[in-house]
Number of protein chains: 2
Amino acid sequence: MSVTFDDITQAHGRIAPFIHRTPVYSSRIINDIVGGQLFFKCENFQKGGAFKARGAFNAVHSLDEAMVKKGVVTHSSGNHAAAVALAANSRNTIAHVVMPSNASAVKKAAVMGYGATVIECAPILADREATAEEIIRETGATFLHPYDDERVIAGQGTAALEMIEDLSKTGHSLDIVMCPVGGGGLLAGTALTARSLLPEAQVIAAEPLGADDAKRSFDAGVLIEQTAPNTIADGLLTSVGKTNFPIIMQNVDEILTVSEQSIVHAMRLIWQHMKLVVEPSAAVPLAALLSREVGLGDKKVGIILSGGNVDLDRLPW
Amino acid sequence: MSVTFDDITQAHGRIAPFIHRTPVYSSRIINDIVGGQLFFKCENFQKGGAFKARGAFNAVHSLDEAMVKKGVVTHSSGNHAAAVALAANSRNTIAHVVMPSNASAVKKAAVMGYGATVIECAPILADREATAEEIIRETGATFLHPYDDERVIAGQGTAALEMIEDLSKTGHSLDIVMCPVGGGGLLAGTALTARSLLPEAQVIAAEPLGADDAKRSFDAGVLIEQTAPNTIADGLLTSVGKTNFPIIMQNVDEILTVSEQSIVHAMRLIWQHMKLVVEPSAAVPLAALLSREVGLGDKKVGIILSGGNVDLDRLPW
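Rules used in this analysis
Numbers given for residues are sequential positions, taken from 1 along each chain in its written order. In the order they appear in the text, chains get letters beginning with A and ligands get numbers beginning with 1. Confidence filtering applies because this is a predicted model: local features only for residues at pLDDT of at least 70, side-chain atom pairs given and counted only at 80 or more, and all residues used for totals across whole chains, interfaces and linings. Hydrogens are left out, water is left out, and the side-chain values use all remaining heavy atoms of the structure. What counts as a helix is a DSSP run of H or I of at least four residues, what counts as a strand is a run of E of at least two, and both are numbered from the N terminus. Contacts were defined at the residue level, with two residues in contact if any of their heavy atoms lie within 4.5 Å. A fitted line through C-alpha atoms represents every axis, and for helices the fit uses only the stretch in contact; the resulting angles, taken between N-to-C directions, go from 0 to 180 degrees. Orientation labels follow simple angle bins: below 35 degrees gives roughly parallel, above 145 gives roughly antiparallel, 65 to 115 gives roughly perpendicular, and whatever is left gives oblique. Polar here means any residue other than Ala, Val, Leu, Ile, Met, Phe, Trp, Tyr, Cys and Pro, which are nonpolar, and Asp, Glu, Lys and Arg, which are charged; Gly is therefore polar. Note: two strands are recorded as paired if DSSP finds a minimum of 2 bridges between them. Segmentation of the chain into domains, including their bounds, is taken from an automatic or database domain assignment. A 1.4 Å probe defines the accessible area here, and the buried area is the portion of it lost by two parts on being joined, summed over both. Salt-bridge detection follows one rule: a side-chain nitrogen of Lys or Arg within 4 Å of a carboxyl oxygen of Asp or Glu. All copies are superposed by least squares; the fitting set is the C-alpha atoms of residues with a pLDDT of at least 70 in both. Note on aromatic pairs: the rings of Phe, Tyr and Trp (six-membered ring only in Trp) are paired at centre separations within 6.5 Å, and the planes decide the class, stacked below 30 degrees, edge-to-face beyond 60, tilted for the rest. Three labels apply to residues, based on accessible area from a 1.4 Å probe with only protein chains included: buried if under 20% of the type maximum, exposed if over 50%, partly exposed otherwise in between. For the purposes of this section, nonpolar cores are sets of buried Ala, Val, Leu, Ile, Met, Phe, Trp, Tyr and Cys residues that join through side-chain atoms within 4.5 Å. To estimate the expected span of a helix, count its residues, drop one, and scale the result by 1.5 Å. Throughout, right-handed denotes a crossover for which the path from the first strand over the helix to the second runs clockwise when the strands point away from the viewer.

Asks: What is the right way to look at the environment of P123 of chain B in this model?
Replies: Residues and elements named next belong to chain B. Looking at where P123 falls in the secondary structure, it is placed in the loop between β5 (117-121) and α7 (125-139). Between the C-alpha atom of P123 and that of T158, which follows or precedes it by 35 residues, the distance is 33 Å. Beyond its immediate stretch of four places on either side in the chain, P123 contacts P100, S101 and N102.

Quick look at the structure:
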């Protein structure tokens, strides 16, 4: 049992009333720099500021009435937590979000602002998991993993679905589909969608050199865990999930790695020329295109801009 | 002879093939903070990064073949210069942009990147004007004023036209239309459009306390020149134009002034919650809404986000 394109189209029907159909934008200046035709799917405008709303809404809206009443749980300090909070809110249930005690006040406030309950724990994975399990035992709430979950993968695949549909309405068919890879929820969903709708297109992922477990796993053909990740792209720190990996092995053509410097450069280009606030993780695919020495010719590249949640007081330039 | 709403609809027909029909976005979080329903017309996504393209394209595309061959001239170091360069380019003619010798290398490069010729002069208005006049004598090129020009006013009025049209398609009718005021090109055009399409709506302008000539002129009923402006909103430093002032007196309901602190606060809210890169001038109307002590109730407010050209190395927070 795994995820199919049917699951993705069903997910889209399920979540469409709750999420934004985000726009697809281009920049002549960035096209000239890269030497191709780039189309950016603006998930920085998505609810909660990232594509994560898609997977979270699909998971929460897949629960039956009895289950949803008991609430949902996750341990995350990032975009997934905000997404789960929003999704729970839309079904009038509670989201318990386990966050490490050293998470920033801003992140806690954001998650609480979306209506979730924040439970603090010691800043180690074992304690996060133990705290979440305790909540599950006490409440019967459903655990929602940020990426290693079929419903989440199906939800994330709807971003590429909308991008490909909207571009085809304006006569554009993509040669390459790109997204960043962290846990592999977005990549697995994007790859399944691209394979079904654009069987001739290449699916290319990008990740930071400082968190290159996906690239190493992909080359080795076995899952290699990410230890001690070190990158500004804070959405891409985790290891690829067990559910995600076989989908990626089967449907992705290439995984490229990029330097920290090129991520910052790409992020700044998007801010400067597209007037879009995007987080470092979102800039990783453009960084890969900028770093490659070959030109794209007139190839059409669709890129998922994964999110726009960034600390405006700590910009990397 | 002045500008009418007919001139604005004609301008729109003239420039529509060349400019972006920019989107109108909302933010639930900002609505909750302000206590109203706000709609932002995203001219930060316009060609050249600001609404100025509208006026410049209308002016340049109003020239006959003989005139356009001789080129156009302007003296500006800001968004108008880039807009004139783009507009001249679209008619395969030359734009001469007179810039003070102390203008930043970034601004010069941007204008040259759009295909214009930059002529340096001493950083005083008299020298800028003398240099421009010399070019006109030598080349017969047409001078394009950044705001004190009927064709420019008509062009700028097309932003509100699109905003009101697009909102009416989704069933929204505005109670208030807002924009910032500097020279008054955007305000005069916006006010004429709003008066024609939404005769019941209020037209409210906003400007920095540190450059409040429009407010003082409006209250006095006579044009008062701005001397020694001091504000972060670098698009709003100039005095209101002679052509613009009577249109503003006749069609604007109120001009509000805002502090520097409130401009920075409003700008940051737009970046943080809407993921839009906007320049300080664009944030001035939201700053005015944030500063007023009365709530808006459920009033619908349309705001022109004037532009997104900001130095990412010098953010005000």
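Here the narrative resumes.
Asks: How should the packing of helix α1 (residues 5-15) of chain B against helix α8 (residues 150-169) of chain B be read in this particular structure?
Replies: When two helices pack together, their arrangement is given by the angle between the helix axes and by the axis-to-axis distance. Residues and elements named next belong to chain B. Axis separation between α1 and α8 bottoms out at 8 Å; the angle between their running directions is 85 degrees. In this view, α1 runs roughly perpendicular relative to α8, as classed from their interaxial angle. Along its contact with α1, which presents F5, D7, I8, A11, H12 and I15, the element α8 presents A154, G155, G157, T158, L161 and E162. When the residues that make up the contact of α1 with α8 are grouped by side-chain class, the tally is 6 nonpolar, 4 polar and 2 charged.

Asks: Please clarify how unusual backbone geometry should be interpreted in this entry.
Replies: Across residues other than glycine, the phi torsion is negative in most instances, and most of the peptide bonds are trans. Even without being a glycine, A228 of chain A presents a positive backbone phi close to 45 degrees. Here A228 of chain A is to be found in the loop between α10 (213-220) and α11 (244-251).

Asks: Just checking my understanding: could you explain the sheet that holds strand β2 (residues 37-42) of chain B for this structure?
Replies: Sheet strands associate in pairs through backbone hydrogen bonding, adopting either a parallel or an antiparallel arrangement. Residues and elements named next belong to chain B. Taken together, 6 strands build an open sheet; the order of strands is β1-β2-β10-β7-β8-β9 and the sheet is mixed. The sheet is open, and its two edges are formed by β1 (24-25) and β9 (254-258), each paired on a single side. Here β2 pairs with strand β10 (residues 300-305) via 6 bridges, running parallel. Across the sheet, residue L38 finds its bridge partner in β10, namely V301. Contacts from helix α10 (residues 213-220) reach β8 (202-208) and β9 within the one sheet, and its direction differs from that of β9 by about 145 degrees.

Asks: How should the domain arrangement of chain A be read in this particular structure?
Replies: Where interface size is given, it is often the accessible area lost as the parts come together that is meant. Residues and elements named next belong to chain A. What the domain assignment lists for chain A is domain 1 (5-47 + 156-305) and domain 2 (53-143). Placing the centre of domain 1 and that of domain 2 at their C-alpha centroids yields a distance of 26 Å. Here domain 1 meets domain 2 over a buried area of about 1,100 Å², counting both sides, of which 57% is carbon and sulfur. It is R14, F18 and K47 that lose the most area in domain 1 upon contact with domain 2, and together they represent 45% of the buried surface on that side. Where domain 1 packs against domain 2, one counts 2 salt bridges. R54 serves as the salt-bridge partner of E43, at 2.7 Å between the closest nitrogen and oxygen.

Asks: Explain the relation of the copies chain B and chain A here, please?
Replies: In summary, the two copies of the chain are related to each other by a rotation about an axis coupled with a shift along it. Once chain B has been moved 0.0 Å along the axis and rotated by 180 degrees, it coincides with chain A to within an RMSD of 0.0 Å. Each copy turns onto its partner about a two-fold axis. Rotation axis and chain B: the residue whose C-alpha lies nearest the axis is L276 of chain B, separated from it by 2.6 Å.

Asks: Mind showing me how you'd approach the packing of aromatic side chains here?
Replies: The geometry of two aromatic rings is summed up by the distance between their centres and the angle between their planes. All names here are of chain A. Under the counting rule described, the total for this entry stands at 7 aromatic pairs over all chains. A ring pair is formed by F18 and F57, whose centres lie 6.0 Å apart and whose planes are at 20 degrees; its orientation type is stacked. Note that F18 is positioned in the loop between α1 (5-15) and β1 (24-25) and F57 in helix α3 (residues 52-60), a separation of 39 residues in sequence. On the basis of an interplanar angle of 85 degrees and a centroid distance of 5.2 Å, the ring pair of W271 and W317 is categorised as edge-to-face.

Asks: Would you explain the pattern of salt bridges in this entry?
Replies: One side chain can pair with another of opposite charge once the charged atoms of both are near each other. Summed over the entire model, instances satisfying the criterion amount to 32 salt bridges over all chains. Its salt-bridge partner being E120 of chain A, residue K108 of chain A comes within 2.7 Å of it at the nearest N-O pair. With K108 of chain A in helix α6 (residues 105-113) and E120 of chain A in strand β5 (residues 117-121), this pair connects stretches of sequence that are 12 residues apart. The buried category is assigned to K108 of chain A, whose relative accessible area is 14%. Its salt-bridge partner being R314 of chain B, residue D311 of chain B comes within 3.7 Å of it at the nearest N-O pair. The class for D311 of chain B is partly exposed, based on a relative accessible area of 38%. According to the relative accessible area criterion, R314 of chain B is exposed, its value standing at 70%.

Asks: Help me understand the nonpolar core in this model?
Replies: Within soluble globular proteins, side chains that are nonpolar tend to cluster in buried spots. Counting residues in hydrophobic clusters, the biggest one holds 78 residues, and the most contacted among them are L38, W271 and L276 of chain A together with L38, W271 and L276 of chain B. In this structure, L38 of chain B is in contact with Y25, S26, I30, N31, L286, L289, L296, V301 and I303 of chain B, ignoring residues within four places of it in sequence.

Asks: I would appreciate a short explanation of helix α12 (residues 260-274) of chain B in the present structure.
Replies: For an α-helix, the turn length of 3.6 residues means that residues three or four places apart are oriented alike. Taking 1.5 Å as the rise per residue, α12 of chain B with 15 residues should run 21 Å; its terminal C-alpha atoms sit 21 Å apart, in good agreement. Burial in α12 of chain B covers these residues: S262, I263, V264, A266, M267, L269, I270, W271 and M274 of chain B.

Asks: I keep staring at the pairing of strand β3 (residues 72-75) of chain B and nothing clicks. Help me out?
Replies: Residues and elements named next belong to chain B. Covered by surrounding structure in β3 are V72 and T74 together with V73 and H75, the residues of both alternating faces. Of the crossover connections in this fold, the one passing from β3 over helix α5 (residues 79-90) to the parallel strand β4 (residues 95-100) is right-handed. The pairing of β3 with strand β6 (residues 142-143) spans 2 bridges and is classified as parallel. Looking across to β6, one finds that V73 is bridged to F143.

Asks: Would you mind going over the sheet that holds β4 of chain B with me for this structure?
Replies: Residue and element names in this part refer to chain B. Strand order in the open sheet formed by 4 strands is β5-β4-β3-β6, and the pairing between neighbours is parallel. Edge positions in the open sheet fall to β5 and β6, since each of these has one partner strand only. As paired elements, β3 and β4 share 4 bridges and run parallel to each other. Counterpart to T74 in the pairing with β4 is V97. In this fold helix α6 (residues 105-113) packs onto β4 and β5, with an angle of close to 175 degrees to the strand it touches most, β4.

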